[in-house]
Amino acid sequence: MNDEFRYLMARAARGKLDRRAFMGRAAALGVTGAMANTLLATAARAQGPQRGGHLVIGMQGGESTNSLDPALAASQVPFTYLRTTGDTLVNITPDGQIEPRLAEEISASDDARTWSLKIRSGVEFHNGQTLTAEDCAQTLRRHSDEESQSGALGIMRGLTDIRVDGDTLVLETETPNADLPYLLADYHLVIQPNGGFDDPAAGIFTGPYKWVEDEPGVRHVMEKFANHWDDSVGHFNSVEVLVINDATARNSALQSGQVQIINRVEPRVAGLLGRAPGVQIHSTAGRGHYVFIMHCNTAPFDNNDLRMALKYAIDREDMLDKILRGYGSLGNDMPVNEAYPLFDETIPQRSFDPDRARHHYERSGHDGPIILRTSEVAFPGAVDAAQLFQESAAQAGIPIEIVREPGDGYWSEVWNAQPFSASYWGGRPVQDQMYSTAYLSTADWNDTRFFNDHFDSLLLEARGELDLDRRKAIYSEMGMMVRDEGGLICPMFNDFIDAHNAQVDGWEGNPNGEMMNGFAAVHMWSTA
Amino acid sequence: MHPVLTLVIQRLALGLLLLLAASVLIFVGTEILPGDVAQAVLGQGATEQALANMRAQMGLDQPAYIRYFQWLAGAIQGDFGVALSNRQDIASSISRRLGNTLFLASVAAAISVPLAIFLGLLAVRYRDRWPDKLISGITLTSISLPEFLLGYIMMYIFAVQLGWFPSVSNINAGMSFGQKLNAVALPALVLTLVVLAHMMRMTRAAILNVMQSAYIETAELKGLRRLTIIARHAMPNSIAPIVNVVMINLAYLVVGVVVIEVVFVYPGMGQYLVDHVSKRDVPVVQACGLIFASVYIGLNLVADIVSILSNPRLRHPK
Amino acid sequence: MKGIPLSALLGMTITALFFLAAIFAPLIAPYGMSQTIGDVWEPASDAHWLGTDNLGRDLLTRMIYGGRTTIFVASAATLLSFTLGAVLGFTAAVYGGWVDQGMSRLNDLVMSIPTLIFALVVLSVMPVTLPILILVMGLLDSTRVYRLSRAVAVDINVMDFVEAARLRGEGQRWVIFREILPNALSPLVAELGLRFIFAILFISTLSFLGLGVQPPMADWGGIVKENREGIVYGIPAALYPAVAIVTLSISVNLVADWALNRTTSLKGGRGG
C-alpha cells in the first residue's frame, strides 16, 4: 500500500473524498474494488465513531397510516425505523455475506433442507425481557402463518417446520434452499417478544434504539437503548426520523442543517445539491430496477414479435441519461445485473435499434396505438420515462399512447392488473429469490404473466445445485429466456442516492437497500 | 322569539341533517374508489391470502350498508373507532392534527383578514391612483403563482439563504407558543399571500359598488373625510359579499392547504386526510370529512347571519 | 374605442396575444410538442430561446402548447361555473323560501366535502379527458359562484326598484335578468377575473396529483411542476410558465377592472 493510497483513504475516511471518487482513484492505483472497500471501512472505523449527539433523518416514504407492526411495513420510513429499533436473525453485509446477529451460529444439513440457528444469549428486549429461541420461532410463525397479513408471507412460504431445540431454532424447508439465510434478513422479520402475537404494534424489539414517540407520517423519535447487546453499533443518544415527502423540502432541510441525512435525492439535482457546503452525495449501485411490464398472455402482448419490437424501440442510454443523469446502469430486459452473485456478464447488451423494432413490429401484424399506463408513483420519473419511450418508439413507427394513472391506487388497480404498465422492482439479495418472486409460473407477483415450464424446472434445479459454475450457467440460461421471451422491458437499474452533511460520518453504502440498507442510524456517528 | 334566533335554530337543525348527508356521500365516495384498505396497506407486496386475511380481520367482508350503520352508531356516541390501517385511536390522532391545522389557519387568518380589508379600503380611497394599482399588481401576482412555487421561493429566500425561519415547520406538543409561531412563519406567510388577493379585491369591488349611492354623496357633501366615509358608510352596506368571500377563504385555510402542508412538512389535517384516502381507510376519512363539513356549514351559517344582520331590510322582513 | 384607459388597453392587447398564440400554437411553435431535441435544462440559446426542459424538449414550444391547453380549459371551466352559479344563485335569491333553502343547503352539502376528495373520486372513476376535466372544474367552482351571487342578489332583491318592478307585474325572469343582473355585475366581474386564475391553478393542482391533462400534453402548471426541482438551484425553466400565468392573470384582471368601472358608472348614480 503506497502513500498516495494511504492519503486517499484518510481523506475518504474523514469524508473529504466522495466514496465513488475514492473507489475510482483506488482502482487507478491498482487496488481492487473489494479490497478498497474493506480498507475504507477499516480506515473509517480507525477514525473512530464518537458517542452522543442527536441525529435527524429527513425521509421520503412515510404516511400517517404507518404502523409499528413489522408485518404491515411497506414504505421507506417503516423500513428505516424497524432497522433502527429492531434486530433480525442475520444481516447481509455490503459485499453480500451473511452476518450473524441474533442468530450466533448458522448451520445447514447436507441437503440444505434443515437449518439450525443458535440464538445469542444475554440479549434484552426494550421492556427488560430476555430473548429466547421461542421468541424467534414465534416471530417466524407469525409471519409465515397463512392467516397472517405479513408482507413477508410470500418469502416465508417455503418453511414447512419451525421448532425450538434448547437455545437453537430449527427450520425445515420444503425443497433444498441454499439461500435461506438471505430470506431471514428481511426487515419484516425483526424479532418481537412472543413473536408479537400479544401486541404486534407495541414497538418492543431488541435493537440499539428504543421508541420514545411515534407520530405516523410526521416524526418518529427513538433513544439509545443502554442494554443493547452489541456495543459497536448505535452511537447517537437519540434518533429522529422526520417524514419529508417533498424532494425540494428535503434538500432545503439538509442545506439549512435541520436534518443531517436525507434519502431519495433526485438524480437531476444531485450534482447541484452536492455543491452545497458540507453536503456529501452517496450513490450506491443496487439491484432496484425501473421497468415496463407486458403481460405475456394478453393480446397484443402475447405475440413475441411485438414484445421484441418494444424491447428494441426503447432508448436505454438516453433514458439513463435523462431520467437518472447517469446515477444507475443500463438494464438488459432481465431482472438481474452484475450486483448479483453468479451473474453472467457475457450476455450481450441490447440497445436501441429502430430498424429491428420496425421489422419485428411489422411481423407481429399489430395495428393501432399501444396503451402504456404510468404514474408518478411507479418509479421516480416514470411519467417522463414513458414520454421518452413514446418518442423513441415513434421513430420505429410504433405508436404508444400514454395513460397517466393517479398515484393513488396504482399498485392495486394498474400494476399486476393492466397488460402494459410502468413499475419498479426493489431487487432481492440473490438471483433465486428474484426469479422465484416474479418469474416462476406460480409466483404471487408474476407481473409479466411469464409461464414457462422449462424455466420453472431450471429454477428448481439451480436452487439445489451446489456446483457454482453449473449454477451460474443455469442462471445465465434463465436470464436469456426472460430477456428474449419474457414480458419485461428493463431500461435501467437505479442507484440509491442519499446525502448527508458534515455533522455525521461513517457512511458505508449497501447494495441491498438505501440509507446503508436502513442502518444509517445504527452505524453512523456524530462529528459535532 | 326573535326572527334571527329562529333562523339560527332552523339552520343548526338543517346543519345536522347536512352532516348526515355529507357522511353518506363521503362513505359512498370512498366505496366507489377503486381498491380497498387491505390492498392499499399491503401495496405491491400483497398476496391473495394476506388480502383475504386482512379483510376478514377488519370486517370488510360485511356489506357496505352494515359497515356504514356500525360506524354511524359509534359516531353518534362520540366513538370514531380506530384507524383500519394502523389501529391508532382516531379521535386522539385527529385532535392533535386538528389543533395544528387550526393553529396555522388562525395565524394566517389573523394576518390576512385585517390586512386584506385594510388594503381594500386603501385601494378604494386611492382608486385608480398608484397605491390602488400597486396593491392590485402585487396581490394579483401572489395569487397567480402556484402555491408550491410560492412556498419554494419563500423557503429558498428565508430558510436556505437567510436562515431566518426553519424550512421544516414541524411542530409538536413540547414547543412553546413562541417556538410554534417561529416554526409556522413561512407557511403562514405563503397562505397569507395566497388568500389576500381574493378578499382584498372583493372588498374593493363591493365598496365601490355602494360608493355610487346617494347617501354616500350626502356624506361627501357633509364634508366628511373620504376614508371615514368609506369605512363608516360604505363598508357596512357592502358587508355581505365581503363576509362571504372571507368565509370561503377561512374555510380554505382549514380544509384546502394540503399542498402547503406537504411543502413545509406541517402535521395538519390535509396530509392526514390524503394519506388515509389513498389507504381507503374509511373510518378516518369519514371522521375528517365530518370535521371539514362542520367547518364549512358553521362558517356558512356565520356568513348568512352576518349578511342578514347587516341589511336592515333583511333584518325586518315585511 | 374612445375613453379606454391605457391599462385596460394593455390588458386587452396582452390577453389577445395569449389567446392568439393559443389558437395558432401549431403554426408558431418552433418544434414538435413532445420532440426531445437536446440535453436536460440547456440554457437559453439562439436555437432554443427559453432553453430546454427536464427532458430536453424545447421550452418555448412547450410553453406555447401549454398555454393552449391551460387557456382553453380555464376559460371553458370559468364560463361554465359562472353561467351555472350565477343563474342558480339569482334564482334562489329571487324565489326565496323553500326553493332558496333547498338549493342553498344542497350547495352547502357539495361545498362541505373537500374538493380534493371530490376530484379524486370523480376523476379516478371517470376517464380523464378534457371535457370531463372542464365539467368537474366548472361544477365544483360553480358552488362558490352560487354563494356569492346569491348573497349579492338577496341584498338587491329587497331594494325599492325591484319591488317597483314586481308591482309593475314583471315576471321573475325579468327581475333576474333585467333588475338583479345589471346591479350585481360589478362584484361578479371582479370575481370572474379571479376565478379564471383559480381555474388555471386548479389544473396545475390536478396535475400535481397526477389527475390533470395526459402526457405528453402540456399545461403551464404542469410545466412548473415538471421543472420545479431546479428552482432552488437557479434553473429558470419553472419560472417561465409562472411568469406567463402572472402576466395573463394581471392582463385579464386589468380588463375586468375596467369593466368593473364601466358597470359601476352605469348604475345610475352620479354621471350615469
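Owing to the predicted nature of the structure, the values given are computational and were not obtained by experimental measurement. (Residues numbered from 1 in each chain as written. Chains lettered and ligands numbered in written order. Predicted model: local features only at pLDDT ≥ 70, side-chain atom pairs only at ≥ 80, totals over all residues.)

1. Section: the overall build of chain C
Reasoning step 1: Along the backbone of chain C there are 10 helices and zero strands.
Reasoning step 2: In chain C, the succession of α and β elements from N to C terminus is α-α-α-α-α-α-α-α-α-α.
Reasoning step 3: Dimensions of chain C, computed from C-alpha atoms along their principal axes, come out at roughly 75 × 50 × 30 Å.
Reasoning step 4: Counting every position in chain C, which comprises 272 residues, the buried fraction comes to 54%. (Helix = DSSP H or I, 4+ residues; strand = E, 2+ residues; numbered from the N terminus. Buried ≥ 20, exposed ≤ 12 C-beta atoms within 10 Å, placed from the backbone.)

2. Concerning the environment of Thr93(A)
Residues and elements named next belong to chain A.
Reasoning step 1: Note on placement: threonine 93 falls in the loop between strand S2 (90–92) and strand S3 (98–100).
Reasoning step 2: Taking the number of C-beta atoms within 10 Å as the measure of exposure, threonine 93 has 15 and is therefore partly exposed.
Reasoning step 3: Along the backbone, threonine 93 and methionine 516 are 423 residues apart, and their C-alpha atoms lie at a distance of 9.8 Å.

3. What to know about the packing of helix H3 (residues 59–95) of chain C against helix H6 (residues 130–157) of chain C
All names here are of chain C.
Reasoning step 1: At a closest axis distance of 5 Å, the pairing of H3 and H6 adopts a crossing angle of 35°. Note on packing geometry: the crossing formed by H3 with H6 is right-handed.
Reasoning step 2: Its residues placed into classes, the contact of H3 with H6 shows 20 nonpolar, seven polar and two charged. (Axes fitted to C-alpha atoms, helices over the stretch in contact; angles between N-to-C directions. Left-handed = near helix turned anticlockwise from the far one by under 90°. Nonpolar A, V, L, I, M, F, W, Y, C, P; charged D, E, K, R; others polar.)

4. As for the interface of chain A and chain C
Accessible area lost upon the coming together of the parts is a frequently used measure of interface size.
Reasoning step 1: Counting residues at the interface gives 25 residues for chain A and 19 residues for chain C.
Reasoning step 2: The set of elements that each furnish at least two residues to the side of chain A that touches chain C consists of helix H8 (247–255), helix H9 (267–274), helix H13 (382–395) and strand S15 (400–404) of chain A.
Reasoning step 3: Examining the composition of the side of chain A that touches chain C, we find that seven residues originate from one element, H13(A), more than from any other. (Contact = placed C-beta atoms within 7 Å.)

5. Looking at the interface of chain C and chain B
Reasoning step 1: At the junction of the two partners, chain C supplies 48 residues and chain B supplies 52 residues.
Reasoning step 2: Listing elements by their share of the side of chain C that touches chain B, those giving two or more residues are helix H4 (97–112), helix H5 (115–125), H6, helix H8 (172–208), helix H9 (220–226) and helix H10 (239–265) of chain C.
Reasoning step 3: With nine residues, H8(C) is the largest single contributor of residues to the side of chain C that touches chain B.
Reasoning step 4: For the side of chain C that touches chain B, the per-class residue count stands at 29 nonpolar, 11 polar and eight charged.

6. Re unusual backbone geometry
Reasoning step 1: The step from Ala299(A) to Pro300(A) runs through a cis peptide bond, and the omega angle for that step is 0°.
Reasoning step 2: Mapped onto the elements, Pro300(A) comes out in the loop between strand S12 (280–294) and helix H10 (304–312).
Reasoning step 3: The step from Pro215(C) to Pro216(C) runs through a cis peptide bond, and the omega angle for that step is 5°.
Reasoning step 4: Among the secondary structure elements, Pro216(C) is positioned in the loop between H8 and H9.
Reasoning step 5: Not every positive phi belongs to a glycine, and Arg449(A) is a case in point at roughly 50°.
Reasoning step 6: Relative to the elements of secondary structure, Arg449(A) occurs in the loop between helix H15 (431–438) and helix H16 (453–464).
Reasoning step 7: Judged by the 18 C-beta atoms lying within 10 Å of it, Arg449(A) falls in the partly exposed class.

7. As for the sheet that holds strand S6 (residues 159–165) of chain A
Residue and element names in this part refer to chain A.
Reasoning step 1: Strand order in this open sheet of four strands is S4-S5-S7-S6, and the pairing throughout is antiparallel. On the outer flanks of this sheet lie strand S4 (103–108) and S6, each paired with one strand and no other. When strand polarity is set aside, the average angle formed by the axes of neighbouring strands in this sheet is 20°.
Reasoning step 2: Bridge count for S4 against strand S5 (residues 114–119) is five bridges, and the pairing is antiparallel. Bridging from a neighbouring strand, alanine 108 pairs with tryptophan 115 of S5.
Reasoning step 3: Along the sheet, helix H5 (residues 133–144) makes contact with S5, S6 and strand S7 (168–173), crossing S6 at roughly 165°. (Pairing = 2+ DSSP bridges.)

8. Digging into the confidence of the model for chain C
Residue and element names in this part refer to chain C.
Reasoning step 1: Of the residues in chain C, 93% reach a pLDDT of 70 or more, and the chain-wide mean stands at 84.
Reasoning step 2: Summarising per-element confidence for chain C, the mean pLDDT is lowest in H5 (74) and highest in H3 (92).
Reasoning step 3: A low-confidence stretch, residues 265–272 (pLDDT under 50), is modelled with 10 contacts involving residues beyond four sequence positions or located in other chains.
Reasoning step 4: Scored by ipTM, the complex comes to 0.78, with pTM at 0.83. (pLDDT = per-residue confidence, 0-100.)

9. Description of H5(A)
All names here are of chain A.
Reasoning step 1: Spanning 12 residues, H5 covers 17 Å between terminal C-alpha atoms, matching the ideal 16 Å at 1.5 Å per step.
Reasoning step 2: Of all 12 residues in H5, 10 are buried, a share of seventy percent or more.
Reasoning step 3: Among the residues of H5, Ala133, Asp135, Cys136, Ala137, Gln138, Thr139, Leu140, Arg142, His143 and Ser144 are the ones counted as buried.
Reasoning step 4: Its buried side turned inward, H5 meets S5, helix H6 (153–156), S6 and S7. (Expected span 1.5 Å × (residues − 1).)

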